[in-house]
Structure formats: structure tokens, C-alpha cells
Amino acid sequence: MAISNWAGNVVFTPTDVLRARDIAEAQQLVANAPRIRALGTGHSFNDIADAPQLISLQDVASPFELDETARTVTVPGAAPYGAVAAFLQEHGWALHNLGSLPHISVAGATATATHGSGDRNGVLSTAVRGIERIGADGELTWVRAGEPDFNGSVVALGALGVITRITLAIEPTYDMTQQVYTGLRWDTFLDEFDEIMGAAYSVSVLGRWGGPTLSTLWLKNRALTPQAETADAAPQLFGGDRVTAEVHAIITGDAPDDNMTPLGTRGAWSTRLAHFRYDRAPSAGGDEIQSEFFVPRAVAVDALQAIRPLGERIDPLLHVSEFRTFAGDDLWLSGGEGGGRVAIHFTWKQRPAEVAAILPEIEAALRPFTPRSHWGKVYSDGFDQAAGFHRLSDFAALAARVDPEGKFRNHHLDRVLTISGSEAP
Ligand SMILES: Cc1cc2nc3c(=O)[nH]c(=O)nc-3n(C[C@H](O)[C@H](O)[C@H](O)COP(=O)(O)OP(=O)(O)OC[C@H]3O[C@@H](n4cnc5c(N)ncnc54)[C@H](O)[C@@H]3O)c2cc1C
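Residues numbered from 1 in each chain as written. Predicted model: local features only at pLDDT ≥ 70, side-chain atom pairs only at ≥ 80, totals over all residues. Heavy atoms only, no water.

**Some thoughts on the packing of aromatic side chains**
Tallying each qualifying case throughout the model produces 15 aromatic pairs. Aromatic side chains Phe 294 and Phe 326 sit 5.2 Å apart centroid to centroid with 80° between the ring planes, which places their arrangement in the edge-to-face category. Here the residue Phe 294 occupies a position in strand S19 (residues 289-296), and Phe 326 occupies one in strand S20 (residues 318-326), the gap between them amounting to 32 residues. Given a relative accessible area of 3%, Phe 294 falls into the buried group. On the basis of relative accessible area, Phe 326 is assigned to the buried category, the value being 2%. Taken together, the ring pairs in this structure connect Trp 186, Phe 189, Phe 193, Trp 209, Phe 323, Phe 346 and Trp 348 into an aromatic cluster. (Phe/Tyr/Trp six-rings, centres within 6.5 Å; stacked < 30°, edge-to-face > 60°. Helix = DSSP H or I, 4+ residues; strand = E, 2+ residues; numbered from the N terminus. Buried < 20%, exposed > 50% of the residue type's maximum accessible area, 1.4 Å probe, protein only.)

Next comes the structure, spelled out in C-alpha cells:
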């Protein structure tokens, strides 16, 4: 059978997509399959989720378990962040961050180290405190924070088993305000990069590469006082003007109306941290391809300067680029492993051949800066993830130990792990 990912730019060709009704059935299906992988919500833009057989746990009913003493919530891996956020908010709790969309599954986002923004905010996977997964033999095991394999097992690309439940760290709920400024100039952005990216709890800069001016600066702040409102925000910041009317992240105008989270008014974290509303199609509605590279914070300005000469050729293919930051962590395959990084993101138009042609040039421009690609976005087959992710060979050894027959391997992993020097089983 042929199914496509959310954006329709990748066709998977599994023999079937098995839909387990409960965890025991999922265990049986995994034990019996020669090669199988879990599918999340299919929001990745490459073939990382593909396999000869796929299994979905979306029909497995499993409750959310709140532990207020331990400050954790345990959720089904297949649960979308939007559902987890609504549950937590209803009970007075919160996550530290969200990605740009709440539609993705917790297990799928954890597996690829999905991130939001904020100098002090680790990628979403850093909230994980434990993972329950079905191994190649069909057995259920927990891997918990503090255990020797934990740091290699969280961002696992689906290679270590099928995640059934995940325990996440939580904190008391908080309100946020979201403000947008237009008119930020490229030269101001590069000159005052650290001040701009540190100007709020979560900061995104969006725009194109050519021309003197970026499109928008998004600041998401925790409301620190009961009275805090957008009215407190400066009318001008970094040479840009605060927007009071509606504005869209996708500047080509090729996006669904009304799919952005509210600007201006104060609201719960669950309704402000993501860019896109949970009850609407996100981003450009799927008429897009995404790529994203992470470079160390210290060289971010040089890396941006290295790409800018390609700007006139990038811009016609682009809906928008976005620049965000995240904090460092210890998770082997996380974009933040070893220190904070800057995310250089491209939301491309659906022009796959032209995108594939320009990507190697962007990757070459970034090569001096030890770039890492987002695991769930489009990068060239020849891009050397091992050069950026220096724990990749450790991960290959862990995967070979946990899954010696390669039940959870696929073409994507074979490519990446072979480049890292580890042969496919
Ligand atoms: C519009 C849009 C906006 C996005 N914004 C962001 C963003 O802000 N930040 C960011 O970092 N990324 C972003 N992404 C990328 C996205 O977060 C990742 O690709 C994420 O992995 C998608 O999750 P998913 O549930 O769709 O997983 P899938 O794409 O279905 O799968 C991804 C990987 O997870 C594995 N997996 C899924 N479920 C399980 C399971 N139960 N057990 C084991 N492995 C599993 C799969 O095998 C595969 O390897 C965006 C994507 C889209 C489409």
C-alpha cells in the first residue's frame, strides 16, 4: 500500500499499517513482524518513519496519569501535544515549551528532538523522564532518567522500539502574552543577535534572505504579574514596530486563514506557546516542505552570513525562514546535545526538485559550522549527520545491542548509521 506523510512530499510503501487496539495486541504485532516501525502523526518531511510494516498506536486508549507530587504526567506516546496541553491546563499544570504545532504526537516529536524556542528552553525531549516501549521481542520495558541508557534512548528515531507511554516533567500552569514586531533589519538582527534572541521566553525571527528587512519578530513572554498584558509591550523594539492587527507567519499569503494562536491578548501557555492553533491545519496547510539546520550559538551569526549570498536563489522557493534558539542538553541525538544551538529553518514551497537542488549548497555553506539537520526534515542523502552528532556512533552501538536483528531499522537509518561507520544488520 502507498500512504503519504502529512505534507504529501514522501510516499511510504509498507505492506500494511497495523492499527493496534491495545498494548497487548501491539506487543504481539511487533513480536511477529520481521521489520516494523511506529508511525506517529506523519508530520515529518522525510522517510524517517517509513518501514516494510508500520504500526500506529492511535487507537490505543490509555489514560493520562498526573503525579502532582513527582510533577510528572504519563501519557500515551501517540497522544498529540494539543490533547496533553489541554489536559494539563485543565488540571493547573504546564509543559516548559511546545513546538510550532500541537498536532504532532509526543512519541514522534520526542523521537526527532522537536524543539520550540527560547535561550533557556531545551528541546521538547528534555522534558522526558521515562519511556515505556515494546522491544523487538515484544516485551514492554521502561527506560527512566538516571539509568545508563537513558540519554541515548530518548531521541531514538524509532530505532529502539515502539513507544507506548511517556512520562514528562510538568510545572504549574502559567499565562503568556505574544507580541509581534515588523521592520527588523537584517543588519540589526546580526549586530544584536544575542539581545534579540534573548528578548523573551520564546523568540522567533521570520523572514526571507534577500533584501534589507526581515518580516516579523515574535516574542512570547510568561505573564509575570496578574495584570501583565500586551498593553505593557513597547510600541517599538530593535527598530521594528509592534503589530496590532492580525499577522501570519507564512508571508507568501499561501496559508489557511485564522490558523495562528492569538496575538496581543493574554492567555494560557497551552494557547500561546505554539504558533499554530490545534483546531486548524497548521503552517501553510501542507503545501510545503521543511528543512532545518542547527549550528552552535557562538557561530550562528557567521552561519547566517554564509547562507545570505544564496538568498536570491533561496527566496523564490521559500514560504518563509525562521530562526529560533534552544538550550543545551545531554540527549545523544538531540539538536541541543552538548550546548545551546540556533535553528535555521526553511518552510519551502512544494517544489521538491528545486529544493533538492539548492539544499547541498546550503549544507556546504554551513559545513564549517558543524551543522546538524533536524531528524524529521529534508536534508540531502550525502549530508553527514555524524559530523554534527558526535554521539551517533554510540547510538548505533546502542541500537545494535537493543535490536540486534535490525527489526526497527529502515532505509533512512541505514543511510545515516552507515555514514557514521556502523553497518546495517
Ligand atoms: C507544520 C509543521 C510544523 C513543524 N514545526 C516544528 C517545530 O516547531 N519544531 C520542530 O522541531 N519540528 C517541527 N516540525 C517537525 C515535527 O515536529 C517532527 O517531524 C515530528 O517528529 C513529527 O511527529 P509525528 O508524530 O508526526 O511523527 P512521525 O513523523 O510520524 O514520525 C517521526 C519519527 O518518530 C517515530 N515514532 C513515531 N511514533 C513513535 C512511537 N510510538 N514509538 C517509537 N517511535 C515513534 C517514527 O518511527 C519516526 O522515526 C514540524 C512539522 C510540521 C508538519
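From this point on, the discussion continues.
**Here's the deal with the site of the ligand**
What surrounds the ligand is a group of 36 residues, the closest being Ala 38, Thr 41, His 43, Ser 44 and Ser 105. The contact in question runs from an oxygen atom of the ligand to an N or O atom on the side chain of His 374, over 2.8 Å. When the free accessible area of the ligand is taken as 960 Å², the share hidden by the protein chains comes to 99%. Elements with a contribution of two residues or more to the shell around the ligand: strand S4 (37-38), helix H3 (106-111) and strand S11 (162-169). With four residues, H3 is the single largest residue contributor to the shell around the ligand. For the shell around the ligand, the residue count by class is 14 nonpolar, 18 polar and four charged. (Near = heavy atom within 4 Å. Polar contact = N/O pair within 3.5 Å; in protein donor to acceptor, adjacent residues only side chain to side chain. Areas by Shrake-Rupley, 256 points an atom, 1.4 Å probe, with all protein chains shown as cover. Nonpolar A, V, L, I, M, F, W, Y, C, P; charged D, E, K, R; others polar.)

**Notes on the sheet that holds strand S5 (residues 53-56)**
What links the strands of a sheet is backbone hydrogen bonding, and the strands pair in either a parallel or an antiparallel sense. Reading across the sheet, the three strands line up as S3-S5-S4 and stay open at both edges, with parallel pairing between neighbours. Only two strands of the sheet have a single partner each, and these edge strands are strand S3 (16-19) and S4. Of the strand pairs in this sheet, S3 and S5 are connected by four bridges, and their pairing is parallel. From the neighbouring strand, Asp 16 faces S5, where its bridge partner is Gln 53. (Pairing = 2+ DSSP bridges.)

**Regarding the sheet that holds strand S9 (residues 128-134)**
Across the sheet, which stays open at both edges, the five strands sit in the order S6-S7-S11-S9-S10 with antiparallel pairing between neighbours. In this open sheet, the two edge strands, each paired with only one partner strand, are strand S6 (65-67) and strand S10 (140-144). Strand-to-strand twist across the sheet, computed as the mean angle between neighbouring axes with direction ignored, equals 15°. With five bridges joining them, S9 and S10 adopt antiparallel strand pairing. (Axes fitted to C-alpha atoms, helices over the stretch in contact; angles between N-to-C directions.)

**Digging into the UniProt feature "domain: FAD-binding PCMH-type" (unreviewed entry) in the protein chain**
Here, the residues flagged by UniProt with the feature "domain: FAD-binding PCMH-type" (unreviewed entry) are residues 10-173. Here residues 10-173 runs as 18% helix and 27% strand, with 38 Å between its end C-alpha atoms. (UniProt positions renumbered as here; feature names shortened; annotations may be inferred.)

**Concerning the pairing of strand S13 (residues 175-182)**
Within S13, six of the eight residues are buried, leaving the element largely enclosed by the surrounding structure. Here two bridges tie S13 to strand S18 (residues 267-268), and the two strands are oriented antiparallel to one another. From the neighbouring strand, Met 176 faces S18, where its bridge partner is Gly 267. Of the strand pairs in this sheet, S13 and strand S15 (residues 216-222) are connected by seven bridges, and their pairing is antiparallel. Its bridge partner lying in S15, Gln 178 is registered against Lys 220. Two strands pair when backbone bridges link them, and S13 and strand S17 (residues 240-242) are joined in this way by two bridges, in the antiparallel orientation.

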